[in-house]
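# Notes for the structure review
Chain by chain, the residues run as shown.
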Amino acid sequence: MLKNYIKIAFKVFLRRKFFTGISLFAIGFTLMVLMVATAFFDQIFGPFPPEKKLDRTLGIFFLRLKGPNSQSSSPPGYALLDASARNLPGVEKASFFTVPGIAYSYWKGEKIKSFLKRTDGEFWEILEFDFIEGGPYTRDDEHNANFVAVINQSTRKRFFNDESALGRDIEVDGQRFRVVGVVKDVSILRIVPFADIWVPISTSKTDAYRKQLGGGFWAMLLARSAADFSAIKEEYRSRLTQVEFPNPEEFNEATSGAETFFEFISRMASPDQTKNHPGMLLAVIVTLMVVFMILPTVNLVNLNVSRIMERASEIGVRKAFGASSLTLVGQFVVENVLLTLAGGVIGFIGTLLALAGLESSGLIPYAEFYLNYRIFLYGLALAVFFGLLSGVYPAWKMSRLHPVQALKGGSR
Amino acid sequence: MAGTNLAVNEDLKSDTDLQKENIMIQLDGVEKVYRTDRIETVALTNINLSVKEGEFISIMGPSGSGKSTLLNVIGLLDVPTAGSLELSGKPVTSYKDRHLARIRNEEIGFIFQTFHLINDLSVVDNVEIPLLYRKMSNSERRKRALRALDRVGLNSRVHHFPSQLSGGQQQRVAIARAIAGNPRVLLADEPTGNLDSQMGDEILEILKDLNREEKTTVVMVTHDPRQAEKTERIVRLFDGRQVN
Ligand SMILES: Nc1ncnc2c1ncn2[C@@H]1O[C@H](COP(=O)(O)OP(=O)(O)O)[C@@H](O)[C@H]1O
Ligand SMILES: [Mg+2]
């Protein structure tokens, strides 16, 4: 029976090229936008290399300091992390590193702009970078303040014209570093690992950072498993109450949290940034997507209703010759799901093109979108959902038609 | 004593069975009332009709006298408000959608005044429609559809679309569709009403052939007394009542 439904559907599509074309375009476009959005989402939050262990990683991205007369929000400072985020129970490894900053190099008469990140040795142990040559610097390099650097592929190209960079010196922000490793580019959307040049924290020009409670640093905590998350969060929060404030007149209270990146984004998106609301952010995103889908769905439902009513006499004929209502619902739903699946294919192709266009436009540095199986499955689910949503109601309505009325053309 | 009673009963039973075997359509006290908001239209009143297997009858009457309604009730497209209906000796007791769909599919073939072919489908696909709702292979389906088209003399137009055919040809496709599943009853509602008289005569000849050769029972609504004369019996309706 299904084979026949499909056969009939194809015949109808071919005979109604205009309708089919319009529907395919509408469905394809909608699915494309949703899939591009998903690809973005996946790019930001999905467990990609080098952040392969994202499912058991927490970060500390945010600090609010409060005093009698003032308050300030910033990334945490090294001193605060050093005092509160080391040796948390359930944490396998912790890494501290600076937020990416812009640094300039003067190189062979040219000014080169790069993103610089200063990190500890654990950074390279937690993250799984793809090394093209050499390797990472180590905890010892950080301990001994060795002037060594890891650079990415694009930076190697800028400085060394794609030749091997191992052992060669680069100048960044007035300091010289010896290159020990070259990694593949990491997208700017992966803000934790992202940089052009990575160097040890201890090579900073001054050691003022060692005393600062607020400013300039993030932390990454690799938990033994996600089950340890709540204990880690709890312990970190309680340690914050014991922070010693060098100048209590200015600040005497610290609010921060160990959280996933999604929780962090939800904190930034909420008006009161002292709490994260990941559930709410997710709800907002899902709502937006649903709202975005409603319009084309309603359109498609309308299109389907009028298309089906146009075919009222066909329905009458099929009923007269032995089709039950259920059979007809089946036929029309299959027709519609096929149509949306075809639209889904168009959406996939559109998504591929759009993402390739985005990558080559250079709007998002080093972005590398993949249509991985998550996006594929999500797109497939969307297409089927879309097809059922827009097909079932018209099919049901149509199947209720009285055969005699249907033969007369479906009025009333 | 019990033994003789039993014998008598069995005699009686086989006697009625014999009668029923010959009766294809039996209507007793059938009534059809259409109710819309406040208006009630009585379309059929107290119709008692029996049509024997292999009979070819015509139904005549002025416009609005209930001819189509009667045909739709016989064909299970419409539910009578009162009265009972038997098809080949089996009373129709359930008006559940699935049940009716099966009887329509197996026992009845419809032919309409305006043909009602599906324009999106080719001629042969149209003819296959009743067979789609039966379990059979695609090749068997195609074979039967082609045989039916052959029967109405249209085997050269198999892959045309309805809009590429003349009215007479379209009605022949519709007849092929109606007979593709070998139904025992053909119900034709003014099958020649949209055709000129020559084409109309051709269509009537095809129906008469089918009736003669396949013993198919035919009930035909017509306005044309000339055509009605050529059938075995005429049932006349006036205002939803039988008149004789
Ligand atoms: N669906 C309906 N709703 C209300 N009245 C109807 C409906 N169908 C038919 N009728 C009425 O029933 C009567 C018989 O109609 P019909 O059987 O079509 O007549 P005929 O086929 O003899 O011209 C007419 O008065 C018609 O208006
Ligand atoms: Mg009529």
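In this report, we go over the structure that sits alongside the text. (Residues numbered from 1 in each chain as written. Chains lettered and ligands numbered in written order. Predicted model: local features only at pLDDT ≥ 70, side-chain atom pairs only at ≥ 80, totals over all residues. Heavy atoms only, no water.)

### Observations concerning the overall build of chain B
- Regarding its fold elements, chain B presents 9 helices and 10 strands.
- At 19 Å, chain B has a C-alpha radius of gyration in line with the 18 Å of a compact globule built from 244 residues.
- Dimensions of chain B along its principal axes, counting C-alpha atoms only, are 70 × 45 × 40 Å.
- Across the 244 residues of chain B, 51% fall into the buried class.
- Of the contacts formed within chain B by residues at least 6 apart in sequence, a portion of 72% connects residues at least 24 apart.
- Accessible area for chain B stands at about 11,900 Å²; split by element, carbon and sulfur atoms hold 48% of it.
- Side-chain charges of chain B comprise 32 positive and 34 negative groups, with the mean position of each set lying 4 Å from the other. (Helix = DSSP H or I, 4+ residues; strand = E, 2+ residues; numbered from the N terminus. Rg over C-alpha atoms; globule rule 2.2 N^0.38 Å. Buried < 20%, exposed > 50% of the residue type's maximum accessible area, 1.4 Å probe, protein only. Contact = heavy atoms within 4.5 Å. Areas by Shrake-Rupley, 256 points an atom, 1.4 Å probe, with all protein chains shown as cover. Lys, Arg positive; Asp, Glu negative; His and termini not counted. Charge placed at Lys NZ, Arg CZ, Asp CG, Glu CD.)

### Section: the site of ligand 1
- Around ligand 1 sit 13 residues, and of these A:Gln405, B:Gly64, B:Lys67, B:Ser68 and B:Thr69 come closest.
- Close to ligand 1, residues of chains A and B are found.
- Taking B:Gly64, its main chain carries an N or O atom lying 2.8 Å from an oxygen atom of ligand 1.
- In the model, an oxygen atom of ligand 1 is placed 3.2 Å from a nitrogen or oxygen of the B:Ser65 main chain.
- Contact with the protein chains covers 72% of the free accessible surface of ligand 1, which is 560 Å².
- Mapped onto the shell around ligand 1, the elements with two or more residues apiece are helix H13 (403-408) of chain A together with strand S2 (39-52) and helix H2 (67-74) of chain B. (Near = heavy atom within 4 Å. Polar contact = N/O pair within 3.5 Å; in protein donor to acceptor, adjacent residues only side chain to side chain.)

### A few points about the pairing of strand S4 (residues 82-87) of chain B
All names here are of chain B.
- With 5 bridges connecting them, strand S1 (residues 23-36) and S4 associate as antiparallel partners. Looking at S4, one finds that Gln26 is bridged to Glu86.
- Alignment of S4 against strand S5 (residues 90-91), held across 2 bridges, turns out to be antiparallel. Across the sheet, residue Leu87 finds its bridge partner in S5, namely Lys90.
- Counted along the chain from S4 to the antiparallel partner S5, the turn is 2 residues long, and its residue Ser88 has a positive phi close to 40°. (Pairing = 2+ DSSP bridges.)

### What to know about the sheet that holds strand S9 (residues 233-238) of chain B
All names here are of chain B.
- The sheet built from 6 strands is open, its strands ordered S6-S7-S8-S3-S9-S10 with mixed pairing. If you trace the sheet from one side to the other, it starts and ends with strand S6 (108-111) and strand S10 (241-243), each paired once. The sheet shows a mean angle of 25° between the axes of neighbouring strands, direction not considered.
- Here strand S7 (residues 185-189) pairs with strand S8 (residues 217-221) via 5 bridges, running parallel. Residue Asp189 lies in a different strand from S8, and its bridge partner there is Val221.
- Here helix H3 (residues 97-107) sits on the sheet in contact with S6 and S7, set at roughly 80° to S6. (Axes fitted to C-alpha atoms, helices over the stretch in contact; angles between N-to-C directions.)

### Digging into the sheet that holds strand S13 (residues 253-256) of chain A
Residues and elements named next belong to chain A.
- Taken in spatial order, the 3 strands of this open sheet run S3-S2-S13, and their pairing is antiparallel. Two strands close off the open sheet at either side, each with one partner strand: strand S3 (71-74) and S13. Mean inter-strand twist for the sheet, computed between neighbouring axes without regard to direction, equals 15°.

### Some points on helix H8 (residues 261-269) of chain A
- A:Phe261, A:Phe262, A:Glu263, A:Phe264, A:Ser266 and A:Arg267 are the residues of H8(A) that are buried.
- On its buried side, H8(A) packs onto helix H2 (17-45), helix H7 (229-240), S13 and helix H9 (278-310) of chain A.

### What to know about the interface of chain A and chain B
- Facing the 29 residues of chain A at the interface are 29 residues of chain B.
- Carbon and sulfur atoms supply 57% of the area buried between chain A and chain B, which totals about 2,500 Å² over both sides.
- Of the charged contacts in the structure, one is a salt bridge between B:Asp125 and A:Lys11, with a shortest N-O distance of 2.6 Å.
- The dominant element in the side of chain A that touches chain B, judged by the number of residues it contributes, is helix H1 (residues 2-15) of chain A, at 7 residues. (Buried area = accessible area lost by both parts, 1.4 Å probe. Salt bridge = Lys/Arg side-chain N within 4 Å of Asp/Glu carboxyl O.)

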